[in-house]
Amino acid sequence: METDMDSVRVESSLWIGNKRYRAFLSGWYFSWTEIDKGNREKKTISVPVSEVIGVKEGRVEIQPQKKVEDTDLDFTLFHVNRNSRGNAQGLTWSLGRTQFCCPSRAVRDQWITQHRTALKTHSPSRPHRLLVFINPFGGKKRGKQIFHSLVSPLFELAGISSHVVVTERANQARDYILKKDLTGFDGVICVGGDGMFSELLHGVIGRTQQEAGVSENDLTAMLQPCDLHIGVIPAGSTDCVCFTTVGINDPVTSALHIIIGDSQPLDVCSVHDQSTVVRYSVSLVGYGFYGDVLEESERHRWMGPLRYDYAGCMVYMCNRSYSGLVQYLPSDSQISSPRDNTRCLSGCRVCSESKERLFPHFDSSTSLYSSNVSQYSTELEGEWVTVEGTFKCISLTCVSSSCPRSPKGLSPSAHLADGTADLILVRDTNPLSFLTYLHRHTNKQDQFDLPFVEVHRVKAVRFSLPPGEEEDFEEEEEKIQSSAERVLEDPGKLCSNNIAGHSQQHLTGQKEKATSTSRLKRPGFVCGPCCTKPRSVSVWNCDGEILPQTEISCRIHGQLVRLFARGIEDSTRA
Ligand SMILES: CCCCCCCCCCCCC/C=C/[C@@H](O)[C@H](CO)NC(=O)CCCCCCCCCCCCCCC
Ligand SMILES: Nc1ncnc2c1ncn2[C@@H]1O[C@H](COP(=O)(O)OP(=O)(O)OP(=O)(O)O)[C@@H](O)[C@H]1O
Ligand SMILES: [Ca+2]
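Quick notes on the rules
- Residues numbered from 1 in each chain as written.
- Chains lettered and ligands numbered in written order.
- Predicted model: local features only at pLDDT ≥ 70, side-chain atom pairs only at ≥ 80, totals over all residues.
- Core = buried A, V, L, I, M, F, W, Y, C linked by C-beta atoms within 7 Å.
- Buried ≥ 20, exposed ≤ 12 C-beta atoms within 10 Å, placed from the backbone.
- Contact = placed C-beta atoms within 7 Å.
- Helix = DSSP H or I, 4+ residues; strand = E, 2+ residues; numbered from the N terminus.
- Pairing = 2+ DSSP bridges.
- Axes fitted to C-alpha atoms, helices over the stretch in contact; angles between N-to-C directions.
- Parallel < 35°, antiparallel > 145°, perpendicular 65-115°, else oblique.
- Left-handed = near helix turned anticlockwise from the far one by under 90°.
- Near = placed C-beta within 6 Å.
- Nonpolar A, V, L, I, M, F, W, Y, C, P; charged D, E, K, R; others polar.
- UniProt positions renumbered as here; feature names shortened; annotations may be inferred.
- Domains from an automatic or database assignment.

1. Some details on the nonpolar core
Thinking step 1. Leu 200, Ile 259, Cys 269 and Val 561 are the most contacted members of the largest nonpolar core, which totals 129 residues.
Thinking step 2. Not counting the four nearest positions on each side in its chain, Val 561 is found in contact with Leu 201, Val 204, Ile 205, Cys 226, Ile 230, Leu 266 and Val 268.

Pasting the structure below:
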């Protein structure tokens with residue numbers, strides 16, 4: 001056996017079953033080649049150290065249940081296995097297991113020590129302790145089972161300890177992150193859907209800004225990027241954030257990305273009313289169709305994930321459209337465009353090149369920002385564009401927002417971490433054309449290649465109701481007023497704008513505002529089955545939460561948070 005203690009280098013003969021191999025561990029790779037005559041091609045299997053999950057003495061199995069046969073000569077290597085094709089998008093990962101037999105116990109111990117040293121040296125950003133929130137009611141209500149049967153055994157194998165909180169109410173995870181001592185945790189994990197992710201997002205952003213003394217309510221302030229990583233174990237209805245950042249919604253794949261400490265920066269959109277930050281969004285700030293679908297679906301929560309299809313059909317049949325004034329600040333079209341037919345894949349060049357532009361004062365050698373940097377961003381300076389019209393829907397998405405229902409997403413060429421979002425304006429059209437638009441989310445056809453659809457890559461957006469359209473409209477007023485009252489009764493449930501602790505005061509103002517913005521002349525269409533009252537103002541869907549505000553301003557904060565993910569791996573290279 002040859003070893004080099006300084007640089008992690010081991011080489012020896014090993015057996016797998018009754019075949020003999022020459023095995024080699026350098027700093028970055030562990031590889032083995034069959035040395036018997038039959039293997040003329042000298043086929044080598046190679047596992048990057050960064051993808052090793054654990055090395056155990058003896059013959060160890062953890063699936064279907066834990067079994068350890070402690071022998072002196074054996075060690076078992078657990079590593080990431082890529083499965084051919086998960087779906088049209090990404091690859092599923094599973095736990096690979098290879099059992100090696102050594103010529104002596106001393107050689108076996110040497111291999112194990114060197115593997116563990118290689119892991120420490122060449123894969124240093126792995127988490128050791130995680131805070132896990134399980135929503136027992138998300139999606140098909142399988143969160144606890146998914147964590148305990150699929151995820152927890154993997155964390156244990158990798159030597160990760162976790163503190164598990166099974167939530168008992170909405171916003172518990174967010175409040176925990178905002179208020180409790182998080183010393184010693186290397187990341188926060190949610191087992192649930194996009195709503196649970198959103199709780200972690202608000203907790204992590206809020207806490208980071210509090211600690212840095214940055215005012216979240218100030219639309220022009222530079223928010224402090226968050227160090228605490230977020231992991232998502234998908235167990236929800238849409239799982240859009242997981243699907244968009246991993247390429248598949250599979251709990252084991254996500255658990256393995258967390259274990260190896262993958263790190264994917266993510267753009268976040270802050271949504272403001274005149275004085276306050278209302279919410280943060282990653283996947284969808286949507287008005288019109290997606291707002292109405294969410295509002296309708298909330299009435300049918302008992303249907304589980306099917307509620308969105310049911311609500312989608314009902315709202316589609318209503319054939320509503322809404323007037324509005326949209327203003328946006330375009331991003332630099334030289335860098336990328338929503339119609340350039342590219343995909344943001346793992347290691348994306350556009351996203352990595354964005355880092356310098358987004359953080360020009362960051363010194364990577366010290367990991368610090370240079371002092372005397374203005375707290376205020378110049379991002380909102382530039383020429384705003386105004387579009388006025390009647391829309392079926394208005395959608396703003398920081399990422400592609402792909403999900404199992406729409407594998408290429410709302411904006412297939414959007415980037416995870418380029419500091420921009422895509423603004424999709426779908427103007428009023430006939431029902432068949434709108435169905436064509438929706439249907440193109442599910443196939444390979446370009447959903448932007450339609451005369452009533454436009455898409456812009458933007459840094460900020462403002463929405464207001466059209467001027468001159470204000471007139472008393474009783475039914476509308478009642479609806480929005482009662483929505484504001486619901487929020488006042490339970491501020492945490494409908495709107496999380498109590499991040500900074502001013503919710504009650506802010507929401508009272510909200511109620512006054514909701515009343516004033518609801519005075520519109522043009523009554524909407526009354527379909528009968530789902531809407532019995534006319535309406536001309538829709539609601540905003542912000543990552544699956546209804547906003548009580550109608551007039552909002554949005555700003556994209558590039559690479560504000562980090563996920564335990566690496567973007568979508570190119571499945572054609574598997
Ligand atoms: C003909 C088939 C058309 C299929 C059209 C599929 C379009 C799918 C687009 C998905 C966009 C997902 C955006 C992600 C949003 C998440 O942050 C948020 C939180 O989880 N989810 C939702 O708001 C939940 C939003 C869920 C939206 C579902 C819309 C379903 C529409 C169905 C329309 C059927 C019309 C049939 C007419 C006969
Ligand atoms: N114990 C709980 N009781 C009630 N609500 C909860 C609880 N824990 C979390 N929640 C709330 O439930 C909402 C929905 O949860 P989650 O996102 O996990 O599932 P989902 O709605 O089925 O999936 P998706 O968001 O992907 O559509 C979240 O917004 C969260 O705030
Ligand atoms: Ca983006």
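2. Thoughts on unusual backbone geometry
Thinking step 1. At Lys 141, a residue that is not glycine, the phi angle is positive and equals roughly 65°.
Thinking step 2. Mapped onto the secondary structure, Lys 141 falls in the loop between β11 (129-134) and α2 (143-157).
Thinking step 3. For Gln 559, which is not a glycine, the phi torsion comes out positive at approximately 50°.
Thinking step 4. As for its placement among the helices and strands, Gln 559 is situated in strand β26 (residues 552-563).
Thinking step 5. In this structure Gln 559 comes out as buried when scored by C-beta crowding, with 21 C-beta atoms within 10 Å.

3. Observations concerning the pairing of strand β16 (residues 277-281)
Thinking step 1. The buried count for β16 comes to five of five residues, which makes it a mostly enclosed element.
Thinking step 2. Examined bridge by bridge, strand β15 (residues 264-272) and β16 share four bridges and lie antiparallel to one another. Note on β16: the bridge partner recorded for Cys 269 is Ser 281.
Thinking step 3. The hairpin turn running from β15 into β16, its antiparallel successor, is four residues long.

4. What to know about the packing of α2 against helix α6 (residues 251-259)
Thinking step 1. Two numbers describe how α2 lies on α6: the axes approach to 10 Å, and their chain directions differ by 30°. Relative to α6, the element α2 lies roughly parallel. As for how α2 packs across α6, the hand of that crossing is right-handed. Each of Ile 146, Leu 150, Val 151, Leu 154 and Phe 155 in α2 lies in contact with α6, whose residues at this interface are Pro 251, Val 252, Ala 255, Leu 256 and Ile 259.

5. Comments concerning the site of ligand 1
Thinking step 1. Near ligand 1 you find 26 residues, and of these Asp 194, Thr 238, Ser 283, Gly 312 and Gly 544 are the closest.
Thinking step 2. When residues in the shell around ligand 1 are grouped by element, the largest group, five residues, is from helix α8 (residues 307-318).
Thinking step 3. Across the shell around ligand 1, the residue classes break down as twelve nonpolar, ten polar and four charged.

6. Re the site of ligand 2
Thinking step 1. Within the structure, ligand 2 sits among 21 residues, and Gly 138, Gly 192, Gly 193, Gly 195 and Gly 236 are positioned closest to it.
Thinking step 2. When its residues are assigned to classes, the shell around ligand 2 shows four nonpolar, twelve polar and five charged.

7. Comments concerning the UniProt feature "domain: DAGKc" (unreviewed entry) in the chain
Thinking step 1. The UniProt record annotates "domain: DAGKc" (unreviewed entry) at residues 125-275.
Thinking step 2. Span residues 125-275 is 38% helix and 22% strand, its end C-alpha atoms 39 Å apart.

8. What about the environment of Trp 93?
Thinking step 1. With respect to the helices and strands, Trp 93 occurs in strand β10 (residues 93-101).
Thinking step 2. Setting aside residues no more than four positions away along its own chain, Trp 93 makes contact with Val 80, Asn 81, Arg 82, Val 252, Thr 253 and Leu 256.

9. Overview of the domain arrangement of the chain
Thinking step 1. Split by domain assignment, the chain resolves into domain 1 (2-122) and domain 2 (129-267 + 561-573).
Thinking step 2. Inter-centroid distance (C-alpha atoms) of domain 1 to domain 2 is 30 Å.
Thinking step 3. Taken together, the contacts link 17 residues of domain 1 with 17 residues of domain 2.
Thinking step 4. The set of elements that each furnish at least two residues to the side of domain 1 that touches domain 2 consists of β6 (52-57), β9 (74-82) and β10.
Thinking step 5. Here the residues of the side of domain 1 that touches domain 2 are counted per class, giving seven nonpolar, eight polar and two charged.

10. Topic: the packing of helix α7 (residues 289-298) against α8
Thinking step 1. The N-to-C vectors of α7 and α8 enclose an angle of 125°; their axes lie 8 Å apart at closest approach. One way to sum up the angle between α7 and α8 is to call them oblique. The handedness of the crossing between α7 and α8 is right-handed. Where α7 approaches α8, its residues Phe 289, Asp 292, Val 293, Glu 296 and Ser 297 are matched on the opposing element by Arg 307, Tyr 308, Ala 311, Gly 312, Met 314 and Val 315.
Thinking step 2. A breakdown of the residues in the contact of α7 with α8 according to their chemical character gives six nonpolar, two polar and three charged.

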